[in-house]
Amino acid sequence: MKALFPHAAMTHGITVRVAASFLPEQSQPESARWFWVYHIRIENGSDRTVQLRNRHWRITDGRGGVSIVDGAGVVGEQPVLAPGQAHDYVSGCPLDTPHGSMEGFYTFDAEDGSPLEVRIPFFPLAAPATAN
């Protein structure tokens, strides 16, 4: 699994795995636009059913500028994960620098309604070097 998803974090028995890829066909370096796609896999290794309610991202560009993104669910979904189940999704991130990073957390509701904050691991965003 580490080969497919090099970044992972586990909180409350829930593992979040991330793989990010630079997309040159969606990037326009001459216009200061670089684009990455990231694949997230959320695995419920706990003994209770949980529902993903919200996401919180901290996106840092190559100059140290930080953007915070908060919202309901992921890509329009608020998946319910029983013990042993997993949920995958793919999304993207544009930056105006050729490198940066992302990290954050999801908020889940447990069966009893209690909130669980689950860490999304730090992962770098780096475009390949180009000649000027």
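Residue positions are counted from 1 within each chain, in the order its sequence is given. Local features in a predicted model are, by the rule used here, given only for residues with pLDDT of at least 70; side-chain atom pairs are given and counted only at 80 or more, and totals for whole chains, interfaces and linings are based on all residues. Excluded from the side-chain calculations are hydrogens and water; all other atoms, namely the structure's heavy atoms, are used.

Colleague: An account of the sheet that holds strand S2 (residues 14–22) is needed here, citing residue identities and associated values.
Modeller: Being paired, for any two strands, means DSSP has found at least two bridges between them. A helix here means a DSSP run of H or I that spans at least four residues, while a strand means a run of E at least two residues long, and both kinds are numbered starting from the N terminus. An order of S1-S2-S3-S7 is seen for the four strands of this open sheet, with the pairing classed as antiparallel. Looking at the sheet topology across the chains shown, the edges are occupied by strand S1 (7–11) and strand S7 (86–95). Each adjacent strand pair in this sheet contributes to an overall mean axis angle of 20 degrees, direction not counted. Bridge count between S2 and strand S3 (residues 34–44): nine bridges; the pairing is antiparallel. Bridge assignment links Phe22 to a residue of S3, and that residue is Trp36. In this analysis an axis means a line fitted to C-alpha atoms, helices contributing only their contacting stretch, and an angle means the value between N-to-C directions, from 0 to 180 degrees.

Colleague: Tell me about the pattern of salt bridges, and name the residues and values.
Modeller: Any carboxyl oxygen of Asp or Glu within 4 Å of a side-chain nitrogen of Lys or Arg constitutes a salt bridge here. With the rule as written, the count across this model stands at five salt bridges. Among the charged side chains, a salt-bridge network with shared partners connects Arg17, Arg41, Glu43 and Asp88.

Colleague: For the nonpolar core, give the residues involved together with the corresponding values.
Modeller: As used here, the term nonpolar core means buried Ala, Val, Leu, Ile, Met, Phe, Trp, Tyr and Cys residues forming a set that is joined through side-chain atoms within 4.5 Å. Working definition: with a 1.4 Å probe on protein chains only, accessible area under 20% of the residue-type maximum means buried, over 50% means exposed, and in between means partly exposed. Core analysis: the largest hydrophobic core is formed by 27 residues, its most contacted members being Tyr38, Ile40, Ile42, Trp57, Tyr106 and Phe108. Breaking this core down by element, the ones donating at least two residues are S2, S3, strand S4 (50–61), S7, strand S8 (99–110) and strand S9 (115–126). Residue contacts are defined here by distance: any two heavy atoms, one from each residue, within 4.5 Å place the two residues in contact. Ignoring sequence-local partners within four residues, the contact set of Ile40 consists of Val16, Arg17, Val18, Trp57, His87, Asp88, Tyr89 and Tyr106.

Colleague: Which residues make up the side chain of Thr11, and what values do they have?
Modeller: Take Thr11: it is sitting in strand S1. What qualifies as a polar contact is a pair of N or O atoms within 3.5 Å, subject to a donor-acceptor requirement within protein and to the restriction that residues adjacent in sequence count only when both atoms come from side chains. Separated by 3.2 Å, the side chain of Thr11 and the backbone nitrogen of Arg119 make a polar contact. Non-local contacts of Thr11, meaning those with residues more than four positions away in its chain, are made with Glu117, Val118 and Arg119.

Geometric descriptors of this kind do not, in isolation, establish any biological role.
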